[in-house]
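# Inside the fold
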Amino acid sequence: MSLGHTILGLLESHPRHGYDLKRAYDERFGQTRALPYGQVYATLSRLLKSGLVEVDGTEQGEGPERKRYVITEAGITDVSRWLAEPESPASYLQSTLYTKVVLALLTGRPAQEVLEAQRAEHLRHMRELTRRKLAGDLADQLLCDHALFHLEADLRWLELTAARLDDLAKKVRA
């Protein structure tokens, strides 16, 4: 995810201070990891230098002066272009899990155990996501569904690989 574009999108509705941007980001996108303040201000500095935001004013708070940022027309154009651009689907053509299976076969270790351990970990994570989904709001539900669908695809791959393990072992050891 592009943090710069996310901040631009958050600024499009109205001008905000860095603290307000961090809070809005954490509320909508930071469910698993909050955004550090330093990253917010470093990103705002880059956006300012690029002419995508400008300082709309400053206010005196309890601490240092707080700058209020506003998106520029160039910023609106940039975030619009980013939103319209489709994301490249992750193809996973070289995955760590595949590498572990092949290396287990090459070194004479039990590849089936690698697959079983990974399957157990996937199922554990799916249970965790399902609990979070049931307790969460719509945003949490959608995020959890996205992750669950990917994990389901991984489970299908694990099952397929386990069924073809003998053939893969012959190919790898040839």
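Reading the values: the criteria
- Residues numbered from 1 in each chain as written.
- Predicted model: local features only at pLDDT ≥ 70, side-chain atom pairs only at ≥ 80, totals over all residues.
- Heavy atoms only, no water.
- Axes fitted to C-alpha atoms, helices over the stretch in contact; angles between N-to-C directions.
- Helix = DSSP H or I, 4+ residues; strand = E, 2+ residues; numbered from the N terminus.
- Parallel < 35°, antiparallel > 145°, perpendicular 65-115°, else oblique.
- Contact = heavy atoms within 4.5 Å.
- Nonpolar A, V, L, I, M, F, W, Y, C, P; charged D, E, K, R; others polar.
- 1 Å grid on protein atoms, 1.4 Å probe; cavity = no way out; pocket = protein on both sides within 12 Å on 5 of 7 lines; lining within 4 Å.
- Points joined across faces, edges and corners; volume = space filled by probe spheres on them.
- Salt bridge = Lys/Arg side-chain N within 4 Å of Asp/Glu carboxyl O.
- Buried < 20%, exposed > 50% of the residue type's maximum accessible area, 1.4 Å probe, protein only.
- Core = buried A, V, L, I, M, F, W, Y, C linked by side-chain atoms within 4.5 Å.

### Examining the packing of helix α1 (residues 3-13) against helix α2 (residues 18-29)
The interhelical angle for the contact between α1 and α2, taken along N-to-C directions, is 105°, at an axis separation of 10 Å. In terms of axis orientation, α1 runs roughly perpendicular to α2. Residue-level contacts link Leu3, Thr6, Ile7, Leu10 and Leu11 of α1 to Leu21, Ala24, Tyr25, Arg28 and Phe29 of α2. Grouping the constituent residues of the contact of α1 with α2 by class yields 8 nonpolar, 1 polar and 1 charged.

### Some thoughts on the layout of surface pockets
Taken as a whole, the second largest pocket holds about 370 Å³ of empty space. Contributing to the lining of the second largest pocket are 13 residues, with Tyr92, Ser95, Leu97, Asp154 and Trp157 lying nearest its centre. At the level of elements, α5 (96-106), α6 (111-135) and α7 (138-163) are the ones that each hand at least two residues to the lining of the second largest pocket. With 6 residues, the top contributor of residues to the lining of the second largest pocket is α7. Each residue belonging to the lining of the second largest pocket can be placed in one class, and the counts come to 8 nonpolar, 4 polar and 1 charged.

### Things to note about the pattern of salt bridges
Any two side chains of opposite charge can pair, so long as their charged atoms come close to each other. Tallied over the entire structure, the rule returns 10 salt bridges. One salt bridge connects Asp78 with Arg81, and the closest N-O pair in it is separated by 3.1 Å. Placement of the pair is Asp78 and Arg81 together in helix α4 (residues 73-84), with a separation of 3 residues, close to one helical turn. Judged by relative accessible area, Arg81 falls into the partly exposed class, the value being 49%. Here Asp145 makes a salt bridge to Lys133, at a shortest N to O gap of 2.5 Å. A residue pair is termed long-range when its members are at least 10 positions apart, and Asp145 in helix α7 and Lys133 in helix α6 qualify at 12 residues. Overall, Lys133 belongs to the partly exposed group, its relative accessible area being 27%.

### Considerations on the nonpolar core
By size, the foremost hydrophobic cluster in this structure holds 18 residues, and its most contacted members are Val101, Leu105, Ala111 and Leu165. Elements with a minimum of two residues in this core: α5, α6, α7 and α8 (165-173). Setting aside residues up to four positions removed in sequence, Leu165 forms contacts with Val101, Leu105, Ala111, Gln112 and Leu115. Within the second largest apolar cluster, 17 residues are counted, among which are Leu35, Leu52, Val53 and Ile71.

### Digging into the packing of α5 against α6
Interaxial distance between α5 and α6 falls to 8 Å at its minimum, and their mutual angle equals 155°. Taken together, α5 and α6 sit at an angle that is classed as roughly antiparallel. Contacts between α5 and α6 pair Leu97, Lys100, Val101, Ala104 and Leu105 from the former with Ala111, Val114, Leu115 and Gln118 from the latter. Of the residues belonging to the contact of α5 with α6, the class tally is 7 nonpolar, 1 polar and 1 charged.

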